[in-house]
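Here's the letter readout for the chains.
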Amino acid sequence: MSADERFVMKRGPESLDRRAFVQLAATFGLSLCVPSLAAKSPALTTEEWTLIGDVSELIIPTTDTGGALAAGVPDFVKMMLSEWFSDAERQNFIDGLHEFAAGKKHGKKFAELTASQKDQYFGALLATAEGDAPAPHTPFVVLMKRLTIFGYYTSELGATTELRQRVATAQYEPAADVKPGDRADSGLPGAMYWFNAS
Amino acid sequence: MSHDFDAIVIGSGISGGWAAKELTEKGLKVLLLERGRSITPADYLGEHKPAWQFPFRQLGDRKRYERDYPIQSTCYAFGEPTEQFWVKDSEHPYGQDPAHPFRWIRGFHLGGKSLMWGRTTPRWGPINFEENKRDGHGVDWPIRYDDIRPWYDHVEEFIGVSGQTEFDSPFAPVGRFQPGMLMNACETHVADSIRRKFPDRRLTIAPSAVLTKPLHGRAACHYCGPCERGCSTGSYFSSISSTLPAAKATGNLTIVTDSVVVGLDYDPKTRKVAGVRVVDKNTRAGKRFTAKIVFLNAATLASTQILLNSTSESFPNGIGNRSGVLGHYLMDHPYLTVSGVIPGMLDKHTIGNRPAGVWMPRFHNVDGQTAPFLRGFSYEASASRANWTDGVSMQGYGAALKQRLREYGPWTFGFYGFLECLPYRDNTLTLDPVRKDQWGLPILNTRFEWGKNEREIAKHLVSDAAEMLKTAGATNISLPPEELPPGGFGIHEVGTARMGRDPTTSFLNGHNQSHEVANLFVTDGSCMPSVAAQNPSLTFMALTARAANYAVDQMKAGAI
């Protein structure tokens, strides 16, 4: 299954940039205000939001650069749940979250696990989900992976510190050498990418 | 008889801007009517703006889009950074035949779709103007390549087209180009691999209306990438960056925005358009303007809607429409994507976001009818290295995943093929007999389907692309769905007020002049008797410049 199929909801044949000349949208980092969203906060407890933070940090951890928490991924998840997911998609996410939090398969609630147990628990569920054929409703662990990757690499930290962002280079270098330690361009998912939350 | 203006140009997009420029430069006092709002570079809200500064990280406000932009949001260039450039479908209804749908992509503002267009500007070749006659589909073009060639020169030199000059395809003659942009390492490899096996298939940088050298106060491209967000340095051609400033500089241009044209009045005594009726978009107040000549450049569907709605005793079916062809023969290009992963070249990447693609002009039916289908197809294409968006399809998580996404991914090469659609009488635009929009204009109904020849071409387009990808060593080749997409997605809609030699089978003559109404010219895509397998905009820019100069000559000679 291609990245597109897993990650995005295809918007018909035009979903790929047909002119495709803009592989990576670039940015200047102008400091513009982001309108605040009137958050219709989903009915999740503080513990559940903590779990979302923990899981996002498992997916993209702090290494020599900041991880998901430093990049504000839980806020992104909150925005997506309240503003972007459909009611059915939100319910599927929350049901999955509750099941995951209860930890029936582990015999203990997620919150009560040690750090390494949390890692093992999440890792095992993700491996199973990624090995399975796509389900009609995407499992919670896979949704969290999509949300975390998207939220992290579209954040300022992910796009400019973890990866590299080049803007308005004035020249185009068609065959630049990849040097040791180079970080890939963050680019941007063009307007044609739509997140698959179903 | 006194007139408000010498000329009225309806529409300010790619062709309307050209009409305004040419007519004002020839000394005419011109009124440019635009149904949408005014636009300046200050309206390029998304330019250079990073993902995290958009409330939805560029995913856009999905629920609002589903409500207000169900059609427009299917366009590849629509999104959070550009949504201000599209009409709300909820406010601008049109009809679709459910079994034969057509996607009408629109931008109502000064500059029209010239702000969001794709910028690929090949010429059409001599064959494209002869093929209707050769195979009998559609009416014969009333002009040949030599008639339009000097106007291609004129347009290219003014708008600035960058492109390669080594390969002169019969379907894309080399023009007056600025230096072309460069192909990247993967594109060069694919081009060389294909050429070794198929010497007649040449993959080159596409001619593109983006500057590589400064021109008329516009800067060379700075390679930021997504042109459709607007360009404050004016590096790609738009009406805002190029033609409208030139027209304004003459002192002969009056721009009136927020004015919806609802019809043209016909005077049977003079056999001319006597006036242009408009409704103020905001106040709904009606107004009428007069001029010696009228250039209709509202884009194919909207121009046809205006013509159909301009009825009189003389023309009960639309002004100048005694032939009955107005609203028929709608064409577009279906786009089909074939892509694959190209192994190797992992030591190379690109710096900068090149806003021009590579492309391959048509290579079938070059010397007569040799393929098992009529006409042919061409490809736009590009290669890039995969990035973090591949992360979700990778197994695993944690530090290992983070490290993998820090590195450049493999090269992916995509062909975006588009094929020539024949003109069919049943692909139509009509006015709804009952429903009207909020400005009193009858709603436009569409009916569109692809024919047998298009389905046959599509098979070859896909198999040829896959074969060429394999030749270049591609793996993971991905093919498009077998069913062709609905019409309209190509945004190359043309043909519903076509030119021709015979007034009984065409709407316009060889100078884009109505056969029956001497002071009426239509020079947007609606004038085209065929759509070729090349992007149409450069051609209707050249037709506009040619028609405008003809019209001025005729006025001077007292013929209009």
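For the structure itself, consult the block above.
Residues numbered from 1 in each chain as written. Chains lettered and ligands numbered in written order. Predicted model: local features only at pLDDT ≥ 70, side-chain atom pairs only at ≥ 80, totals over all residues. Heavy atoms only, no water.

K.L.:
What should I look at first to understand the overall build of chain B in this one?
P.N.:
A count of helical and extended segments in chain B gives 10 helices and 20 strands. Taking 2.2 N^0.38 as the reference for a compact globule, 560 residues should give roughly 24 Å; the C-alpha atoms of chain B span a radius of gyration of 23 Å, in line with that estimate. Looking at the 560 residues of chain B, the share that counts as buried comes to 68%. Restricting the contact set of chain B to residue pairs at least 6 apart, pairs at least 24 apart contribute 73%. Looking at chain B as shown, the accessible area adds up to about 18,300 Å², and 50% of this sits on carbon and sulfur atoms. Measuring between centres, the 61 positive side-chain charges of chain B sit 3 Å from its 57 negative side-chain charges. (Helix = DSSP H or I, 4+ residues; strand = E, 2+ residues; numbered from the N terminus. Rg over C-alpha atoms; globule rule 2.2 N^0.38 Å. Buried < 20%, exposed > 50% of the residue type's maximum accessible area, 1.4 Å probe, protein only. Contact = heavy atoms within 4.5 Å. Areas by Shrake-Rupley, 256 points an atom, 1.4 Å probe, with all protein chains shown as cover. Lys, Arg positive; Asp, Glu negative; His and termini not counted. Charge placed at Lys NZ, Arg CZ, Asp CG, Glu CD.)

K.L.:
Help me out: how do you make sense of the interface of chain B and chain A in this one?
P.N.:
You'll often see interface size given as the accessible area lost when the parts meet. In this assembly, 82 residues from chain B lie in contact with 93 residues from chain A. Counting the contacts that link chain B with chain A gives 4 salt bridges. A salt bridge links B:Arg406 to A:Asp64, with the nearest nitrogen and oxygen atoms 2.8 Å apart. Joining chain B to chain A, the criterion identifies 31 residue pairs in polar contact (both at pLDDT 80 or more). Of all the secondary structure elements, the ones that give two or more residues to the side of chain B that touches chain A are helix H2 (62-68), strand S12 (335-342), strand S13 (348-351), strand S15 (377-385) and helix H8 (398-406) of chain B. Counted by class, the side of chain B that touches chain A contains 37 nonpolar, 29 polar and 16 charged residues. As paired strands, strand S1 (residues 173-177) of chain A and S13(B) are joined by 3 bridges and run antiparallel to one another. (Salt bridge = Lys/Arg side-chain N within 4 Å of Asp/Glu carboxyl O. Polar contact = N/O pair within 3.5 Å; in protein donor to acceptor, adjacent residues only side chain to side chain. Nonpolar A, V, L, I, M, F, W, Y, C, P; charged D, E, K, R; others polar. Pairing = 2+ DSSP bridges.)

K.L.:
Whenever I open this one, the packing of aromatic side chains confuses me. Can you help?
P.N.:
Both the distance between ring centres and the angle between the ring planes are used here to describe each pair of aromatic rings. Counting across every chain of the model gives 38 aromatic pairs over all chains. Put simply, the rings of A:Phe85, A:Phe93, A:Phe100, A:Phe110, A:Tyr121, A:Phe122, A:Phe140 and B:Tyr397 pair up and form one aromatic cluster. B:Arg106 extends its terminal NZ or CZ atom over the ring of B:Trp104, reaching a point 4.0 Å from the ring centre. (Phe/Tyr/Trp six-rings, centres within 6.5 Å; stacked < 30°, edge-to-face > 60°. Lys NZ or Arg CZ within 6 Å of the ring centre and 35° of its normal.)

K.L.:
What should I look at first to understand helix H3 (residues 73-84) of chain A in this one?
P.N.:
An α-helical segment advances 3.6 residues per turn. Residues three or four places apart therefore align on the same side. With 10 of its 12 residues buried, H3(A) lies for the most part within the structure. For H3(A), the complete set of buried residues consists of A:Val73, A:Pro74, A:Phe76, A:Val77, A:Met79, A:Met80, A:Leu81, A:Ser82, A:Glu83 and A:Trp84. Where the residues of H3(A) are buried, they touch helix H2 (46-59), helix H4 (87-102) and helix H6 (140-153) of chain A together with H2 of chain B.

K.L.:
Can you walk me through the state of the cysteines in this structure?
P.N.:
Two cysteines, two sulfur atoms, one covalent bond between them: this is a disulfide. Residues and elements named next belong to chain B. Counted according to the given criterion, the structure contains 0 disulfides over all chains. Cys 224 takes part in no disulfide bond, and the closest cysteine sulfur, belonging to Cys 231, lies 6.4 Å away. Judged by relative accessible area, Cys 224 falls into the buried class, the value being 11%. (Disulfide = S-S within 2.5 Å.)

K.L.:
What is the right way to look at the pairing of strand S17 (residues 428-436) of chain B in this model?
P.N.:
On a regular strand, one side chain projects to one face of the sheet and the next to the other, so that they alternate. Judged from the 5 bridges that link them, S17(B) and strand S18 (residues 442-447) of chain B form a sheet pairing that is antiparallel. Paired with B:Thr430 across the bridge in S18(B) is B:Asn445.

K.L.:
Mind showing me how you'd approach the pattern of salt bridges here?
P.N.:
Two side chains with opposite charge may pair up if their charged atoms get near one another. In total, this model carries 41 salt bridges over all chains according to the counting rule given. When the shortest N-O distance is used, the salt bridge between A:Glu89 and B:Arg62 registers 2.7 Å. Taken together, the residues A:Glu89 in helix H4 and B:Arg62 in helix H2 connect one chain to another. Accessibility classification places A:Glu89 together with B:Arg62 in one group, the buried group. Here A:Arg183 makes a salt bridge to A:Glu162, at a shortest N to O gap of 3.8 Å. Of this pair, A:Arg183 sits in the segment after S1 while A:Glu162 sits in helix H7 (residues 156-162), and the two are 21 residues apart along the sequence. Overall, the relative accessible area of 22% leaves A:Arg183 in the partly exposed class. Beyond isolated ion pairs, a larger network of salt bridges with shared partners links B:Arg123, B:Arg149, B:Asp153, B:Glu156, B:Glu157 and B:Arg176.

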